[in-house]
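Coordinate analysis (summary)
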Amino acid sequence: MNLAGAWNSLVELTPMEVQRYHSIQESILQDRVVETASDSGDVLLESDLHLDHIGLVTVTLSERSLVWQSKSMEDKLESFSLSCFRLASLPHEFPLSEIYGVESFGWGPVRKFVGASAVHRLLKPVIRMHRFSIHSFQRLRNSRSKWLPRTYDFAHPELEVCHRWVKCLHNLLSKDHKRPKDLLVLINPFGGKGIASSKWAMVSPLFSRAGIKTKVVTTERAGHAYDMMYNATDDELKCHDGIVMVGGDGIFNELITSHRSQSLKAEEEAALLGESRLCSETSSSILSEPLLVHALSNSCKFAPLVPWLRFGIIPAGSTDTIVVSTTGTRDPVTAALHIILGDSMPLDIVRLTGWKESKQPKAPVIRYAASFSGYGFYGDVARESESLRWMGPSRYDYAGTKVFMRHRKYEAEVSYLDVPNVSQSICCVHCRVCAKEHSLPQDVGQLLWITKRAFFHSVGAAIMSCRNDKAPDGVVAHAHLADGLLHLVLVKQCSRPAYLMHLIQLTRRGGNPLGLDFIELHKTPLFTFVAHGDESVWNVDGEILAANKLGGQVFRGLINFFALGPEEQ
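Described below are features of the structure shown in this document.

So, on to the overall build of the protein. Secondary structure assignment for the protein yields 17 helices and 22 strands. Here the protein, with 569 residues, has 55% of them falling under the buried criterion. For the protein, contacts bridging at least 24 residues in sequence account for 75% of all contacts bridging at least 6. Carbon and sulfur atoms form 53% of the exposed surface of the protein, whose accessible area is close to 25,200 Å².

Printed below as a string of structure tokens:
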């Protein structure tokens, strides 16, 4: 009997009929299990298995990948349409790094593809076997950054064979030390549209399939995440391989600020003195070399405080800029898969030291920004929308319209370290720019310290591209995630229609929002800001910082983030 005949004659076999099935399949289903040996190359396991929806396949497992290919070309020609034959006859291979889970799921039916009608695929439940699932994902053709979970259900008449496959795959995946085993999950139920809890419910089964332990905490108030991180001891942090936030950019900013403040009190006090001196020297065209070298070496070479601790975000905020800029999509499932697989990359962080001079001076405040900090238009929108949180993300549209109609300008003095000849390439997976050891000239003492005083509608510092739904290419499309530099965007005084053109260009894919004559763009690791006259506030990753004097330094690769960068389309 040929393969097609064997399949068609065996319908819904019970366990009692397995022996009869074995005699029929003996000439067809030759299990070729190859255990690891010193002379067997990198093939760990190879078997003839039944793949649900396809039929009999040969599956080969190595230390790096899993490959399956349909058996018996003659039978496929008998039962498959031409297009499906081409699909089934090609070998399918995916690396182990893209497998996030494997599990047995008992005795049950296995279906075989027997053709296609004009309306739907024809699937036939043929036989019952012992089954196991391999969980992976596939990339969308039109958006490779977005990943969809994909499950492959394999089956075999012998339970021992299925157990062997599950055990071998479990052992291989457990050897991948970059994959997290235990995560602290913080859910912010108040951010964005208040959908964080439902987003976690959507992705939590993925973590269960991967065998990852999760300790879930729902924040109860503003600043709850900050207090948790600030008061956490080293022993408590060592219990987790990472911290995952289900929310938006605000809770991430809250967490990294407390993460840095918790153990760096002495260093931050020294930073206040250094950045105060920077603000006092903005009139010089060239900074004194000892001060400049100290500032840059103290920030750009900074290592993560807790190297084993990585941060991740399941997007559930208003804009989710950080997730879109680091993964290329706002999809919570894709973000979860990056975390589960242990994908990791360094992220630049900017330390902002702000002073608020008044009749009763306040102590300087230190904040950390991961995506964008803006003064003027961006600060006014944040301040205007603060009392409108009940509106959800739409509050930014309402507040933005009001602020735009006012069209306010602010006099300020902005100073920055000018870094010439900087790459304009787009940051993506395996970015060569971010991989460079040095992003600044070795003789930093010769870099110019430039000061500009003017009326600005906005002053922005973009640490990353800042992609989001309203700005699909980002505020600065060619900003990099870990090159140790930020983009200083200066929008000088202009007419209301001209500023509207800038905003419209931001909303267009392929637009040129920075190519207007009233906009300056400078890449720098270091800048200072001094307000004169009327004041706005700073919008730091969506959080308000009131400061009329501010110093900003880039810390290259300050934290480790669960992502790889956007994939090229």
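Here the narrative resumes.
With that settled, the discussion passes to the packing of helix α14 (residues 377-385) against helix α15 (residues 394-406). Where α14 meets α15, the axes come as close as 8 Å, and the angle between the chain directions of the two elements is 125°. Taken as axis vectors, α14 and α15 run oblique relative to one another. Here α14 runs over α15; the crossing is right-handed. Here Phe377, Asp380, Val381, Glu384 and Ser385 of α14 lie close against α15, whose contacting residues are Arg395, Tyr396, Ala399, Gly400, Lys402, Val403, Phe404 and Arg406. The residue makeup of the contact of α14 with α15, split by class, is six nonpolar, two polar and five charged.

Moving on, we come to the environment of Thr319. Relative to the helices and strands, Thr319 is located in the loop between β11 (310-315) and α12 (321-327). Classification of Thr319 as partly exposed rests on a relative accessible area of 29%. As for Thr319 and Tyr396, which are separated by 77 residues in sequence, their C-alpha atoms are 9.9 Å apart. Every residue in contact with Thr319, bar those within four places of it in the chain, is listed here: Asp249, Val324, Arg330 and Asn468.

The next thing to look at is the packing of α15 against helix α17 (residues 496-507). Where α15 contacts α17, the axes come no closer than 10 Å and their chain directions differ by 145°. Contacts from Phe404, Met405 and Arg406 of α15 reach α17 at Arg496, Tyr499, Leu500 and Leu503.

All right, on to the side chain of Lys523 then. For Lys523, the location among the structural elements is in strand β18 (residues 519-524). At 2.8 Å, the side chain of Lys523 forms a polar contact with the side chain of Asp483.

With that settled, consider helix α6 (residues 196-209). Over its 14 residues, α6 runs 21 Å from end to end, which matches the ideal 20 Å to within 8%, given 1.5 Å per residue. The inward-facing, buried residues of α6 abut β7 (147-156), β8 (182-187), β9 (213-218), β10 (242-247), β11 and α13 (332-341). Note on α6: the residue one or two positions beyond its end, Gly211, has a positive phi of about 75°.

What follows covers the packing of aromatic side chains. In the structure shown here, the tally under the stated rule is 17 aromatic pairs. Aromatic pair Phe252 and Phe311: ring centres 6.4 Å apart, planes at 75°, arrangement edge-to-face. Here Phe311 lies in strand β11 and Phe252 lies in helix α9 (residues 249-261), a separation of 59 residues in the sequence. For Phe252, a relative accessible area of 0% corresponds to the buried category. If you follow Lys409 out to its NZ or CZ, it ends over the ring of Phe455, 5.7 Å from the centre.

Burial runs high along α13: 10 of the 10 residues are buried. The complete set of buried residues in α13 reads Pro332, Val333, Thr334, Ala335, Ala336, Leu337, His338, Ile339, Ile340 and Leu341. Phi turns positive, to about 75°, at Gly342, one or two residues after α13.

Further remarks concern the environment of Ser458. Looking at where Ser458 falls in the secondary structure, it is placed in strand β16 (residues 449-462). We classify Ser458 as buried; its relative accessible area is 1%. It is 7.9 Å that separates the C-alpha atoms of Ser458 and Tyr410, two residues lying 48 residues apart in sequence.

With that settled, consider the pairing of strand β1 (residues 43-51). Of all nine residues making up β1, eight are buried, and the element is well covered by its neighbours. In sequence, β1 turns back onto strand β2 (residues 55-62) through a hairpin of three residues, with His53 there showing a positive phi of about 80°. Across two bridges, the pairing between β1 and β7 is antiparallel. From the neighbouring strand, His50 faces β7, where its bridge partner is Ala155.

With 12 of 13 residues buried, strand β22 (residues 549-561) is to be regarded as a mostly interior element. Pairing geometry for strand β12 (residues 345-355) and β22, over 10 bridges, is antiparallel. Within β22, the position partnered with Thr353 by the bridge is Gly551. Two strands pair when backbone bridges link them, and strand β19 (residues 526-532) and β22 are joined in this way by five bridges, in the antiparallel orientation. Along β22, the bridge assignment pairs Val530 with Lys549.

Conventions and cut-offs
Residues numbered from 1 in each chain as written. Predicted model: local features only at pLDDT ≥ 70, side-chain atom pairs only at ≥ 80, totals over all residues. Heavy atoms only, no water. Helix = DSSP H or I, 4+ residues; strand = E, 2+ residues; numbered from the N terminus. Buried < 20%, exposed > 50% of the residue type's maximum accessible area, 1.4 Å probe, protein only. Contact = heavy atoms within 4.5 Å. Areas by Shrake-Rupley, 256 points an atom, 1.4 Å probe, with all protein chains shown as cover. Axes fitted to C-alpha atoms, helices over the stretch in contact; angles between N-to-C directions. Parallel < 35°, antiparallel > 145°, perpendicular 65-115°, else oblique. Left-handed = near helix turned anticlockwise from the far one by under 90°. Nonpolar A, V, L, I, M, F, W, Y, C, P; charged D, E, K, R; others polar. Polar contact = N/O pair within 3.5 Å; in protein donor to acceptor, adjacent residues only side chain to side chain. Expected span 1.5 Å × (residues − 1). Phe/Tyr/Trp six-rings, centres within 6.5 Å; stacked < 30°, edge-to-face > 60°. Lys NZ or Arg CZ within 6 Å of the ring centre and 35° of its normal. Pairing = 2+ DSSP bridges.

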